[in-house]
Amino acid sequence: MRLQLPDGTIREIGGEVRTVAAMLTGCNINPLEVIVTKNGRLIPEDATVSENDEVRVFLVAHGG
Amino acid sequence: MPAGKKECIPPCDNCDEPAIFFDPGLQRHLCERHLCLGVEQRVTSALTRHKMVSDGDRIAVGLSGGKDSSVLLSVLSHVIPEHWDAEIIAVTVDEGIAGYREETIQSAVSLTQQLGIPHHIVSFQSLFGTTLDSLLNAHPLRACTACGILRKKALSDAAREIAATSIATGHNLDDAAQSVLMNYFRGDFERLLRDSSSREDRGFIRRIKPLHEVNEKEITLYSMIKGITGLLPECPYATTAFRAEVRTLQAAIEYHYPGASRRIIEGQESLNEQAKKTIRPGTVSYCASCGDPCSGPVCQACGLLSGLNKGD
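All values derive from a computational prediction rather than experimental measurement.

**Quick notes on the overall build of chain B**
Of regular secondary structure, chain B possesses twelve helices and nine strands. Over its C-alpha trace chain B gives a radius of gyration of 20 Å, about what one expects of a compact globule, namely 20 Å for 312 residues. Taken along its principal axes, the extent of the C-alpha atoms in chain B is 70 × 45 × 45 Å. The proportion of buried residues among the 312 residues of chain B is 36%.

Given below as structure tokens:
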């Protein structure tokens, strides 16, 4: 899986199917503080992601 | 999750569309359409239950151009005309924060033009003779405290200028929970029990917070789905604030104890109701410098500015 973090960092993650929440907490990210897309579509934190997915994580901007 | 488990996106609880949002507190999944409907329904419900709007009102909506205030203006521009005969005017305060405010003001201007809402822009420079950047360069002030005091004054002055009957701000559920926690951490009981929504009869313009039952993630998703704002910069001073630390703490508490933020606010509201029975409202005086209603001899904004002029 190709994972793009809010700061633009890209990580290649292998392994089994996992939930978005598990993937995020594994990167020390609180799922409540971000929005996630899988292959360009918004997904909830209990959706799953796997090997061939392109996942982007956006920070929920504060204020305003 | 065990290896080999099938991939899935849970469906919306209200239809067959794939969910884009899971609310752990209420244990519900929502698709794009139902998330947006839910936000609009909660805003309408808050406006009605808390009697935030009446026919004939002229509502000044504080519009920074960021996601919260932009979503607030967008939702109000749809729900107000459906239920009330009230007018909406957007008010933007330009604090003078280089590299940040230009972009959000442009976003605010575009949104008001798109919605056909009158837009009134005021600046720290024209009101106070300085920008926030200059003020902070010249004086060792806490950025968010000074900005908050002056922005509140600027918004009140602008609201009076356009004869507004109330000021709507984009404070959300997370903001409210963080404010309660911050007041506890500071031991600021007076501020904890202050209720700005009930002070209009004492010279203050009523302040309403129609998004106070909607969390920050829902607002961000609503903004993305409706294309209200793009990715905007964060205020460069925000990371220095006490609120930034409390926000991280509150988000962690909410993640591990879903619904905690709502319970924190409900607890504060109960406390406020109890306090109203025993604590009499403080006396209101009028600022010796600008004439605004306040609780001391001068208002916080005039106190801050006169202190700077004396070199305090």
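**Re the overall build of chain A**
A tally of regular secondary structure across chain A gives one helix and seven strands. Reading chain A from its N terminus to its C terminus gives the helix and strand order β-β-β-α-β-β-β-β. Relative to the compact-globule value of 11 Å for 64 residues, chain A shows a C-alpha radius of gyration of 11 Å, a close match. Considering only C-alpha atoms, chain A reaches an extent of 40 × 20 × 20 Å along its principal axes. Taking all 64 residues of chain A together, 38% fall into the buried category.

**Description of the domain arrangement of chain B**
Residue and element names in this part refer to chain B. Split by domain assignment, chain B resolves into domain 1 (33-281) and domain 2 (285-312). Computed from C-alpha atoms alone, the centre-to-centre distance between domain 1 and domain 2 is 23 Å. Across the boundary between the two partners, domain 1 contributes ten residues, which contact eight residues of domain 2. Of all the elements, helix α6 (residues 143-161) adds the most residues to the side of domain 1 that touches domain 2, at five residues. Taken together, the residues of the side of domain 1 that touches domain 2 break down into five nonpolar, three polar and two charged.

**Things to note about the interface of chain B and chain A**
By convention, interface size is frequently given as the accessible area that disappears when the constituent parts associate. Taken together, the contacts link 34 residues of chain B with 23 residues of chain A. If you tally residues by element for the side of chain B that touches chain A, the top one is helix α10 (residues 242-256) of chain B, at five residues. Looking at side-chain class alone, the side of chain B that touches chain A contains 16 nonpolar, nine polar and nine charged residues.

**Focus on unusual backbone geometry**
A positive phi angle is found at Asn39(A), which is not glycine, with a value near 50°. Relative to the helices and strands, Asn39(A) resides in the loop between β4 (34-38) and β5 (41-43). Note on Asn39(A): 11 C-beta atoms within 10 Å, which makes it exposed. A positive phi angle is found at Lys51(B), which is not glycine, with a value near 50°. By the element assignment, Lys51(B) lies in the loop between α1 (32-49) and β3 (58-62).

**Topic: the environment of Gln106(B)**
Checked against the element boundaries, Gln106(B) lands in helix α3 (residues 101-115). Taking the C-alpha atoms as reference points, Gln106(B) and Gly65(B), separated by 41 residues in sequence, lie 7.6 Å from one another.

**Focus on the pairing of strand β5 (residues 119-123) of chain B**
Note on strand geometry: in a regular strand, side chains alternate between the two faces of the sheet. Residues and elements named next belong to chain B. Pairing of strand β4 (residues 87-94) with β5, which is carried by five bridges, proceeds in the parallel orientation. Counterpart to Val-93 in the pairing with β5 is Val-122. Traced from β4 through α3 to β5, the parallel crossover comes out right-handed.

Calculation criteria
Residues numbered from 1 in each chain as written. Chains lettered and ligands numbered in written order. Predicted model: local features only at pLDDT ≥ 70, side-chain atom pairs only at ≥ 80, totals over all residues. Helix = DSSP H or I, 4+ residues; strand = E, 2+ residues; numbered from the N terminus. Rg over C-alpha atoms; globule rule 2.2 N^0.38 Å. Buried ≥ 20, exposed ≤ 12 C-beta atoms within 10 Å, placed from the backbone. Domains from an automatic or database assignment. Contact = placed C-beta atoms within 7 Å. Nonpolar A, V, L, I, M, F, W, Y, C, P; charged D, E, K, R; others polar. Pairing = 2+ DSSP bridges. Right-handed = clockwise from strand over helix to strand, strands pointing away.

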